[in-house]
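In case you want the letters, here they are:
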Amino acid sequence: MTAPRRSDATRAAILEAARERFAADGYERATIRAIARDAGIDPSMVMRYFGNKEGLFAAASAFDLRLPEVGTLPARHIGAVLVTHFLDRWEQDEVLTALLRVGVTNAAGAERMQAIFREQLGPIAAGVCPDPAEAPARAALAASQILGMALARYVLRLPPAAAMSREEIVAWLGPTVQRYLTAEAP
């Protein structure tokens, strides 16, 4: 096995610094200069690897939701499994919370969140809903519940949402996400 190239290590350091800086400061306040300082490199190196702040944000916000395979589950468990999975993701990785923060304040962040949910939640909706033509709307409805709770619990830290146990959240949101994805359309 060959040793990692120095450019790979530099790129990785920039991305790690960018993720931390975007999470801490948000998209608007994070600067190339601060990210470069955090990575211990010259700002020109950030530009060399990523072109501009938007390119850096796109690379730093590449995010795999690692959604579970729901096709093998009994349909009645899909909502609870997805809500539990998202709670795990938000509690284990600050990148998703940072993306949510940026997504509500910046067009590039909103586009990134839209792509993540379209590309990753959309296929799940298409695979479990009664009419695949309804999958985009159903995925959007499910995302509205999941993202709404994430915003209330992890970004705004609304006391009732932050105080709820995981079991309570799954019990409340699971059936709603389930209905959005698998019930007959109204």
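Numbering of residues starts from 1 in each chain and follows the order in which that chain's sequence is written. The model is predicted, so local features are restricted to residues of pLDDT at least 70 and side-chain atom pairs to those at 80 or more, both for listing and for counting; the totals for chains, interfaces and linings are taken over all residues. Only heavy atoms go into the side-chain values, all of them from the structure, while hydrogens and water stay out.

1. Some remarks on the overall build of the protein
Helix and strand assignments follow DSSP, with helices taken as H or I runs no shorter than four residues and strands as E runs no shorter than two, numbered in order from the N terminus. A tally of helices and strands in the protein yields ten helices and zero strands. When the helices and strands of the protein are read in sequence order from the N terminus, they spell out α-α-α-α-α-α-α-α-α-α. Across its three principal axes, the protein shows a C-alpha extent of roughly 55 × 40 × 35 Å. The buried label goes to any residue with under 20% of its type's maximum accessible area, the exposed label to any with over 50%, and the partly exposed label to all in between, with areas taken from a 1.4 Å probe on protein chains only. By residue count, 44% of the 186 residues in the protein fall in the buried class.

2. As for the packing of aromatic side chains
Working definition: a ring pair exists when centres of Phe, Tyr or Trp rings (six-membered ring for Trp) sit within 6.5 Å. Plane angles under 30 degrees give stacked, over 60 give edge-to-face, the rest tilted. Summed over all chains, the structure comprises seven aromatic pairs. Consider the rings of Phe-22 and Phe-57, whose centres lie 5.2 Å apart with planes at 90°: the pair is edge-to-face. With a gap of 35 residues between them, Phe-22 in helix α1 (residues 6–29) and Phe-57 in helix α4 (residues 53–60) connect regions that are remote in the sequence. When the NZ atom of lysine or the CZ atom of arginine is within 6 Å of a ring's centre and also within 35 degrees of its normal, the charge is said to sit over that ring. Its guanidinium or amino end placed over the ring of Tyr-49, Arg-48 lies 5.3 Å from that ring's centre, counting from NZ or CZ.

3. Examining the environment of Ala-58
With respect to the helices, strands and loops of the structure, Ala-58 is situated in helix α4. In this structure Ala-58 comes out as partly exposed when scored by relative accessible area, which is 39%. Linking Ala-58 and Val-155, residues 97 residues apart in sequence, is a C-alpha distance of 21 Å.

4. Regarding the pattern of salt bridges
Note on definitions: salt bridges are taken to be side-chain nitrogens of Lys or Arg within 4 Å of carboxyl oxygens of Asp or Glu. The full count for this structure, using the stated rule, is six salt bridges. Taking the shortest distance from any N to any O, the salt bridge between Asp-38 and Arg-21 comes out at 2.7 Å. In this pair, Asp-38 sits in helix α2 (residues 32–39) while Arg-21 sits in helix α1, placing the two residues 17 residues apart along the sequence. Taking relative accessible area as the criterion, Asp-38 reaches 40% and is therefore assigned partly exposed. Note on Arg-21: relative accessible area 19%, which makes it buried. Arg-166 is paired through a salt bridge with Asp-88; the nearest N and O atoms lie 2.4 Å apart.

5. A short note on the packing of helix α6 (residues 94–105) against helix α7 (residues 107–128)
All axes here are fitted lines through C-alpha atoms, helices being fitted over the stretch that makes contact, and every angle between N-to-C directions spans 0 to 180 degrees. Relative orientation of the contacting elements α6 and α7 amounts to 125°, with a least axis distance of 6 Å. Compared by their axis directions, α6 and α7 come out oblique. The way α6 lies across α7 gives a crossing that is left-handed. Between α6 and α7, the contacting residues are Leu-99, Leu-100, Val-102 and Gly-103 on the first element and Gly-109, Ala-110, Arg-112, Met-113 and Ile-116 on the second. Each residue is assigned to one class: nonpolar for Ala, Val, Leu, Ile, Met, Phe, Trp, Tyr, Cys and Pro, charged for Asp, Glu, Lys and Arg, and polar for all the others, Gly among them. Within the contact of α6 with α7, the residues separate by chemical class into six nonpolar, two polar and one charged. Geometric relationships in this document are graded by angle, where less than 35 degrees denotes roughly parallel, more than 145 denotes roughly antiparallel, 65 to 115 denotes roughly perpendicular, and other angles denote oblique. Left-handed describes a crossing whose near helix is turned anticlockwise from the far helix by less than a right angle; the clockwise case is right-handed. When checking whether two residues touch, look at their non-hydrogen atoms; a contact exists if any pair is within 4.5 Å.

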